[in-house]
Amino acid sequence: MTTQFEPVIGLEIHLQLKTKSKLFCACPSGMPDEAAPNSAVCPVCTAQPGSLPVLNKGAVELAVKAALALNLNINKVSIFDRKNYFYPDLPKGYQITQLFKPISDNGYLEINGRKIAIARAHMEEDAGKSVHRADATLIDLNRAGTPLLEIVTEPQINGADEAYNFLTRLKSNMQWVNASNCDMEKGELRVDVNISLRPAGTTTLGTKVEIKNLNSFKAVRDAINIEIGRQTDMLNNGEKIKQETLLFNKETGATVPMRSKEDAVDYRYFPDPDLKPLLLDDKWLEDMKNLRPEMPEAREARFIKDFALPQYDAGVLTSRREISEYFEEVLKTGAQPKSAANWILTDLLGALNAAKKDIEQSPVKAAALGKIINFCDNGKISRAQAKKVFEAAWQTGKEPETLIKEMGLEQVSDAGQLETWAKEAIAENPKMAADVRSGNAKAVGALIGSVMKKSKGKANPGLLNEIFNKLLG
Ligand SMILES: [Zn+2]
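Notes on the structure follow. Everything numeric here is computed off the predicted structure, so don't read it as measured data. (Residues numbered from 1 in each chain as written. Predicted model: local features only at pLDDT ≥ 70, side-chain atom pairs only at ≥ 80, totals over all residues. Heavy atoms only, no water.)

Description of unusual backbone geometry
Line of reasoning, step 1. At asparagine 38, a position not held by glycine, the phi torsion is positive, near 55°.
Line of reasoning, step 2. Structurally, asparagine 38 is set in the loop between β1 (5-16) and α1 (57-68).
Line of reasoning, step 3. The residue cysteine 182 is not glycine, and still its phi comes out positive at about 60°.
Line of reasoning, step 4. As for its placement among the helices and strands, cysteine 182 is situated in the loop between α2 (160-176) and β11 (189-199). (Helix = DSSP H or I, 4+ residues; strand = E, 2+ residues; numbered from the N terminus.)

Shown next, in the form of structure tokens:
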């Protein structure tokens with residue numbers, strides 16, 4: 001007989017904070033991989049005798065911004081600890097982190113109506129990098145001392161898809177408040193997963209296994225699914241799960257042991273005597289809370305409620321903060337929300353995708369797109385003409401009204417001119433006119449077509465329809 005098991009999953013996320021300099025020295029942070037090795041180092045981040053760390057205020061600011069965007073409680077007092085272990089790319093022989101009193105705790109993210117609790121988010125420094133060659137291992141300390149925020153969830157995630165959705169929301173929120181670029185290929189966002197199974201409906205936690213080396217959200221999802229399968233088979237065969245750390249092999253799609261936790265190292269944590277406790281000023285913290293922007297969930301809900309947008313439109317518009325701001329700029333021109341959403345979702349994002357540009361780099365600014373939408377919705381130009389104006393504005397950066405003149409696109413809505421053309425068309429096509437008079441409403445299309453031809457496409461077809469109905473009614 002097989003038992004039904006449910007997975008219990010927790011995530012540990014290392015986020016690289018987007019500061020100019022490192023956490024405890026003035027060396028530049030976030031050097032690209034191709035930078036010359038050890039070109040961004042100083043006595044502090046290479047642990048020379050007598051050097052002392054100085055906390056980077058900018059990193060604290062970003063950590064607090066990030067924590068607020070994860071609904072975490074900010075601790076006014078937090079303490080930096082030393083985590084002692086030996087590794088060649090860790091020159092001090094310890095990593096500065098926060099174990100006992102982290103800068104923030106007790107937060108959550110809501111995923112499809114379910115709150116996933118976040119136990120804590122603490123600040124720490126990154127280690128350097130070992131470069132393994134056939135004949136030697138080389139050390140590059142450019143990354144040593146880079147500020148990180150480690151975010152730890154409670155074990156409350158109940159499947160691979162929920163983990164995937166949680167990470168997507170987390171990344172979007174972190175980019176939203178500009179705390180991190182979250183580029184996984186550059187190691188700016190790294191994820192470890194711990195996972196255990198228990199018989200469905202029970203509450204005791206099973207033995208957990210940790211999976212490291214997951215460099216995309218897809219890898220996280222795949223690794224969780226594979227691990228659920230592996231543990232289910234073992235438990236059903238009466239085998240015991242060993243507490244261990246696994247690596248996920250993307251190529252083979254298997255999880256392989258990295259090290260057993262039975263010989264786990266004792267890190268001998270203790271408060272770093274070189275760093276005073278971090279005390280956050282009340283006024284400063286209040287200002288930070290007031291600066292917290294409207295977050296994507298709230299903005300999406302507002303777009304749906306205030307502008308009657310479909311959920312899909314609101315979701316895409318709030319997928320990045322800059323897109324949502326662009327949309328609101330377009331609305332300032334008086335454009336209808338649904339028209340603005342349509343233009344942004346199809347024409348603008350389509351063009352940006354094709355050109356591999358972000359919306360901040362769009363050659364058509366929000367004010368210009370707003371004008372194009374208004375000209376189109378007010379009947380000055382047709383939808384097809386508006387598309388041409390948009391393309392020309394994209395190429396030249398010129399104002400829409402200038403382009404409409406230059407391209408001779410202005411739609412003719414003048415009733416007198418339209419009526420003259422309509423009368424000419426009736427005179428030239430007596431058979432069509434007779435058809436309409438005898439009740440064949442469809443024949444009016446042919447008459448409109450002949451005026452469109454006569455006017456080189458500039459006549460307003462909606463108004464023409466009314467005029468023909470009046471003349472032939
Ligand atoms: Zn340094």
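With respect to the coordination of the zinc ion
Line of reasoning, step 1. At 2.3 to 2.4 Å from the zinc ion lie its protein donor atoms, namely Cys25 (SG), Cys27 (SG), Cys42 (SG) and Cys45 (SG).
Line of reasoning, step 2. Note that the zinc ion binds four donor atoms; their angles at the metal cover 100 to 115°, and the shape is tetrahedral.
Line of reasoning, step 3. Here the donor residues of the zinc ion are spaced in sequence according to C-x1-C-x14-C-x2-C. Linking cysteine 25 in the loop between β1 and α1 with cysteine 42 in the loop between β1 and α1, this pair joins segments that are 17 residues apart in sequence.
Line of reasoning, step 4. Residue class for cysteine 25 comes out buried when judged on its relative accessible area of 12%. (Donors = N, O, S within 2.8 Å, 3.2 Å for Na, K, Ca; no water. Tetrahedral: all angles 85-135°; square planar, octahedral: opposite > 155°, others 65-115°. Buried < 20%, exposed > 50% of the residue type's maximum accessible area, 1.4 Å probe, protein only.)

Quick notes on the pairing of strand β8 (residues 129-132)
The side chains of a regular strand alternate, first on one face of the sheet and then on the other.
Line of reasoning, step 1. Bridging between β8 and strand β9 (residues 137-140) involves four bridges; their strand directions are antiparallel. Across the sheet, residue lysine 129 finds its bridge partner in β9, namely aspartate 140.
Line of reasoning, step 2. Once β8 ends, the chain turns through four residues before running back antiparallel as β9. (Pairing = 2+ DSSP bridges.)

As for the packing of helix α8 (residues 337-354) against helix α10 (residues 383-396)
Relative placement of two packed helices is described by the angle separating their axes and the distance separating the axes.
Line of reasoning, step 1. Contact pair α8 / α10: the axes reach a minimum separation of 12 Å and the direction vectors enclose 35°. In this structure, α8 meets α10 at a crossing whose hand is right-handed. Contact residues: α8 offers Trp343, Asp347, Leu348, Ala351 and Leu352, while α10 offers Arg383, Ala386, Lys387, Phe390 and Trp394. (Axes fitted to C-alpha atoms, helices over the stretch in contact; angles between N-to-C directions. Left-handed = near helix turned anticlockwise from the far one by under 90°. Contact = heavy atoms within 4.5 Å.)

Topic: the pairing of strand β6 (residues 104-111)
Line of reasoning, step 1. Pairing analysis gives two bridges linking strand β2 (residues 73-74) to β6, with the strands arranged antiparallel. Following the sheet pairing, isoleucine 74 is matched in β6 by serine 104.
Line of reasoning, step 2. Two strands pair when backbone bridges link them, and β6 and strand β7 (residues 114-125) are joined in this way by seven bridges, in the antiparallel orientation. Paired with glycine 107 across the two strands is isoleucine 118, which belongs to β7.

A few points about the environment of asparagine 237
Line of reasoning, step 1. Relative to the helices and strands, asparagine 237 resides in the loop between α3 (217-236) and β13 (244-249).
Line of reasoning, step 2. With 113 residues separating them along the chain, asparagine 237 and glycine 350 place their C-alpha atoms 52 Å apart.

What about the environment of alanine 434?
Line of reasoning, step 1. With respect to the secondary-structure elements, alanine 434 resides in helix α13 (residues 430-437).
Line of reasoning, step 2. Judged by its relative accessible area of 39%, alanine 434 falls in the partly exposed class.

Some thoughts on α3
The α-helix advances 3.6 residues per turn, and as a result positions three or four apart in sequence lie on the same side.
Line of reasoning, step 1. Taking 1.5 Å per residue, 20 residues should reach 28 Å; α3 reaches 29 Å between its end C-alpha atoms and fits that length.
Line of reasoning, step 2. Among the residues making up α3, those that are buried are Phe217, Ala219, Val220, Ala223, Ile224, Glu227, Gln231 and Met234. Along the axis of α3, the buried positions cluster into a sector of 135°, meaning they face one direction only. Every exposed residue of α3 that faces more than 90 degrees away from the buried side is listed here: Lys218 and Asp233. (Expected span 1.5 Å × (residues − 1). Arc of directions from axis to C-beta.)

Considering the sheet that holds strand β5 (residues 94-97)
Line of reasoning, step 1. An order of β5-β4-β15 is seen for the three strands of this open sheet, with the pairing classed as antiparallel. Of all the strands in the sheet, the pair left with one neighbour each is β5 and β15 (270-271).
Line of reasoning, step 2. In this sheet, β15 lies alongside strand β4 (residues 81-84) in antiparallel orientation, the contact comprising two bridges. Looking at the pairing, arginine 82 lines up with phenylalanine 270 of β15.

Description of the packing of aromatic side chains
Line of reasoning, step 1. A complete count under the given rule lists nine aromatic pairs for this structure.
Line of reasoning, step 2. On the numbers, 6.0 Å between centres and 70° between planes, the contact of tyrosine 267 with tyrosine 269 is edge-to-face.
Line of reasoning, step 3. Given a relative accessible area of 22%, tyrosine 267 falls into the partly exposed group.
Line of reasoning, step 4. Given a relative accessible area of 28%, tyrosine 269 falls into the partly exposed group.
Line of reasoning, step 5. With a centroid separation of 6.1 Å and 55° between ring planes, the pair formed by tryptophan 343 and phenylalanine 390 is classed as tilted. On the criterion of sequence distance, the pair formed by tryptophan 343 in helix α8 and phenylalanine 390 in helix α10 is long-range, its members being 47 residues apart.
Line of reasoning, step 6. Tryptophan 343 sits in the buried class, given a relative accessible area of 3%.
Line of reasoning, step 7. Through a chain of ring-to-ring contacts, the aromatic side chains of Tyr85, Tyr267 and Tyr269 assemble into a single cluster. (Phe/Tyr/Trp six-rings, centres within 6.5 Å; stacked < 30°, edge-to-face > 60°.)

Topic: the layout of surface pockets
Line of reasoning, step 1. When its volume is computed, the second largest pocket comes out at roughly 1,200 Å³.
Line of reasoning, step 2. Along its surface, the second largest pocket is lined by 40 residues, and Arg169, Ser172, Asn173, Pro296 and Ser319 are the ones closest to its centre.
Line of reasoning, step 3. Among the secondary structure elements, those contributing two or more residues to the lining of the second largest pocket are α1, β6, α2, α4 (282-291), α5 (296-307), α6 (311-317) and α7 (321-331).
Line of reasoning, step 4. If you tally residues by element for the lining of the second largest pocket, the top one is α2, at eight residues.
Line of reasoning, step 5. No fewer than three residues from each of domain 1 (5-285) and domain 2 (294-406) sit in the lining of the second largest pocket. (1 Å grid on protein atoms, 1.4 Å probe; cavity = no way out; pocket = protein on both sides within 12 Å on 5 of 7 lines; lining within 4 Å. Points joined across faces, edges and corners; volume = space filled by probe spheres on them. Domains from an automatic or database assignment.)

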